[in-house]
Amino acid sequence: MNLKQIVETLDATLLYAPEEWEKLEIKEVFASDLISDILVSEGHEQVLLTSLTSPQVVRTAELVGAVAIVLVHRRQAPPGLEAAARQHDMPLFRSTASKFDSCVWIGQLKKAL
Amino acid sequence: MNDVPQPLDDFSLRIRELACGLKVRDVMTSKVFAITRNCTMHEVQQIMKKNGISGVPVVDDRHVVGIISMHDIMNAFIDGHIDDPVTQHMIPDVQTLSDDVPLSFAMSAFSNYSFRRFPVVDQKNELVGIITPRNINLALIRELSRQLNEIEEGESTSGRAEEMATFHRIYPLSRYDFDHAGRASAELKKNLKARGIPAKVIRRAAIASYELEINIVAHSHGGTFTVLVDDRRVRITANDFGPGIPDVDAAMSEGFSTANDWIRSQGFGAGMGLPNVKRVSDQFDIQSGLEMGTMVKAIVYLENEE
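Every value quoted in this text rests on a predicted model; they were computed, and no experiment measured them.

> Please explain the packing of helix α3 (residues 41-51) of chain B against helix α4 (residues 70-79) of chain B as it appears in this structure.
For any two helices packed against each other, one specifies the crossing angle of their axes together with the interaxial distance. Residues and elements named next belong to chain B. Contact geometry for α3 and α4: axes closest at 10 Å, N-to-C directions at 130°. Judged on the interaxial angle alone, α4 and α3 are oblique. The hand of the α3/α4 crossing is left-handed. In this structure, α3 uses Met-41, Val-44, Gln-45 and Met-48 to contact α4, whose residues at the interface are Met-70, Asp-72, Ile-73, Ala-76 and Phe-77. Across the contact of α3 with α4, the residue classes break down as seven nonpolar, one polar and one charged.

> Help me understand the side chain of Thr237(B) in this model?
Residue placement: Thr237(B) occurs in strand β9 (residues 233-240). Setting aside chain neighbours within four positions, we find Thr237(B) in contact with Thr224(B), Phe225(B), Thr226(B), Met295(B), Val296(B) and Lys297(B).

> In this structure, what is going on with a nonpolar patch on the surface? I would like to understand it.
All names here are of chain B. Judged by side-chain polarity, Met-70, Met-74, Phe-77 and Ile-78 come together as a nonpolar surface patch covering roughly 440 Å² of accessible area. Mapping Ile-78 onto the fold places it in helix α4. The class for Ile-78 is exposed, based on a relative accessible area of 67%.

> Sorry, what's going on with the sheet that holds strand β4 (residues 68-71) of chain A here?
By definition, the strands of a sheet pair up through backbone hydrogen bonds, in either a parallel or an antiparallel sense. Residue and element names in this part refer to chain A. Taken in spatial order, the five strands make up an open sheet running β1-β5-β4-β3-β2, and their pairing is mixed. Each having just a single partner strand, β1 (13-16) and β2 (28-31) make up the two edges of the open sheet. Here the average twist between neighbouring strands, direction ignored, is 25°. As judged from the three bridges shared by β4 and strand β5 (residues 92-94), these two strands associate in the parallel manner. Pairing of Leu-71 across the sheet is with Arg-94, part of β5. Contacting β1, β4 and β5, helix α4 (residues 79-88) crosses the sheet at an angle of about 70° to β1. Where helix α5 (residues 99-112) meets the sheet, its contacts fall on β2 and β3 (46-50), and the angle it forms with β3 comes to roughly 150°.

> Mind showing me how you'd approach the packing of aromatic side chains here?
The description of an aromatic ring pair rests on the distance of the ring centres and on the angle between the ring planes. All names here are of chain B. All told, the structure shown has eight aromatic pairs over all chains when counted by the stated rule. Ring centres of Tyr-113 and Phe-118 lie 6.2 Å apart, and the angle between their planes is 75°; on these two criteria the pair is classed as edge-to-face. According to the relative accessible area criterion, Tyr-113 is partly exposed, its value standing at 24%. The class of Phe-118 is buried, set by a relative accessible area of 0%. An aromatic cluster is built from Phe-110, Tyr-113, Phe-115 and Phe-118, whose rings are joined through pairwise contacts. Across the ring face of Tyr-176, the terminal group of Arg-175 is positioned such that the distance to the ring centre comes to 4.7 Å.

> Before we go on, may I ask you to explain the pattern of salt bridges in this structure?
Pairs can form between side chains of opposite charge once their charged atoms are near each other. One pass over the full model with this rule turns up 14 salt bridges over all chains. Across the pair Lys99(A) and Asp33(A) runs a salt bridge, and its minimum N-O distance is 2.7 Å. Of the two residues, Lys99(A) sits in helix α5 while Asp33(A) sits in the loop between β2 and α2 (35-39), which places them 66 residues apart along the sequence. On the basis of relative accessible area, Lys99(A) is assigned to the buried category, the value being 18%. Ionic pairing is found between Arg146(B) and Glu150(B), a salt bridge with its closest N-O pair at 2.7 Å. Of this pair, Arg146(B) and Glu150(B) both sit in helix α6 (residues 133-156), four residues apart, which is roughly one turn of that helix. Beyond isolated ion pairs, a larger network of salt bridges with shared partners links Lys23(B), Arg25(B), Asp99(B) and Asp100(B).

> Is there a simple way to think about α3(B) in this case?
Because an α-helix packs 3.6 residues into every turn, residues spaced three or four apart end up facing the same way. Residues and elements named next belong to chain B. Burial in α3 covers these residues: Met-41, Val-44, Gln-45 and Met-48. Here the buried residues of α3 occupy an arc of 100° about the axis, which is enough to place them on one side. Each element contacted by the buried residues of α3 is listed here: β1 (35-36), β2 (55-60), β3 (63-69) and α4. Among the residues trailing α3, Gly-52 stands out with phi positive, at a value near 65°.

Thresholds, definitions, all that
- Residues numbered from 1 in each chain as written.
- Chains lettered and ligands numbered in written order.
- Predicted model: local features only at pLDDT ≥ 70, side-chain atom pairs only at ≥ 80, totals over all residues.
- Heavy atoms only, no water.
- Axes fitted to C-alpha atoms, helices over the stretch in contact; angles between N-to-C directions.
- Helix = DSSP H or I, 4+ residues; strand = E, 2+ residues; numbered from the N terminus.
- Parallel < 35°, antiparallel > 145°, perpendicular 65-115°, else oblique.
- Left-handed = near helix turned anticlockwise from the far one by under 90°.
- Contact = heavy atoms within 4.5 Å.
- Nonpolar A, V, L, I, M, F, W, Y, C, P; charged D, E, K, R; others polar.
- Patch = residues over 30% accessible without salt bridge, like charges linked within 9 Å, V, L, I, M, F, W, Y side chains within 5 Å.
- Areas by Shrake-Rupley, 256 points an atom, 1.4 Å probe, with all protein chains shown as cover.
- Salt bridge = Lys/Arg side-chain N within 4 Å of Asp/Glu carboxyl O.
- Buried < 20%, exposed > 50% of the residue type's maximum accessible area, 1.4 Å probe, protein only.
- Pairing = 2+ DSSP bridges.
- Phe/Tyr/Trp six-rings, centres within 6.5 Å; stacked < 30°, edge-to-face > 60°.
- Lys NZ or Arg CZ within 6 Å of the ring centre and 35° of its normal.
- Arc of directions from axis to C-beta.

Laid out in structure tokens, this is it:
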């Protein structure tokens, strides 16, 4: 699946994304609010679902090679987070869905494809 | 008053780095004068005068039980106590340093306490030396000169292939500076990528590096973070100025955390930091001294495990 399909499934709003983000391929999904857990996630081409909004999320996502971040639970992105996403060229979206629902919906999407 | 380089000066970063590589035993004066409880203040004064020293530990079966300084001798003269036994005027409960700790701990100790000297003890808690700011300054000058010589020699033979160039960076980190924490890890990752290192190895080095960077800003008074990459390995050294870890074994167990609510709200403080670092490193070493600092060294070899 690609990032566009995931963003549509979660009805997520774009906060920052470089050009041609729609085509980014996503193989795995990782959902967590603990930096240490995100760090040791072994996924490849993964999208990160989190309700953390500190700029360190972008750093962490980049270190583990995540492709994009989706903020869940209606989290507002503080300016620092958007700036960090821009700086690291990390696609950043925001969804009103809960983390659990997001995972379920992406699971259904995966099955359907 | 302090004769020891202050930790947070940017220009002393190299000095801090040097101080992490040396141990107290490399720097201390091993020929140490000590007296027993039976000596009088007058006898101590004679020993100081004869040997040009300004502080003498009092020992009981090689264990330090007190210390007499020039200051105590002067007071004894003024108050007419110069023939008293030392036990009546010595400072008991002496702060000692272990000979095995990094020199940076001694530097922090001189900053945090007002003492002019520390008796040095070995693992059996027996007196093996004494360390003063003078020892530290001389050792640092010696090391800096040695490094300068190496650089000069290196320059004269320059022109070697650049591809295997050593990557060596020192980063200052202050308490709660979450804006800068992670920068070193990002640069490390970039460097390893450029070297064509396997992704799995890069991931391990990045995890170790990032967790240690966060540890400094989240838990310490600040410190320095050093990354060294050569053609064989990544060496990460996190060195802070205190407060030190009271129970290192507890800190190494999964789930143990002393993080406050704010740090937790940032997604940290799961108590997985140090255990994670140890798990992804090929070599791991931690030393901590209360009021002196903590030094963590992690090494990741660049060769693929397969």
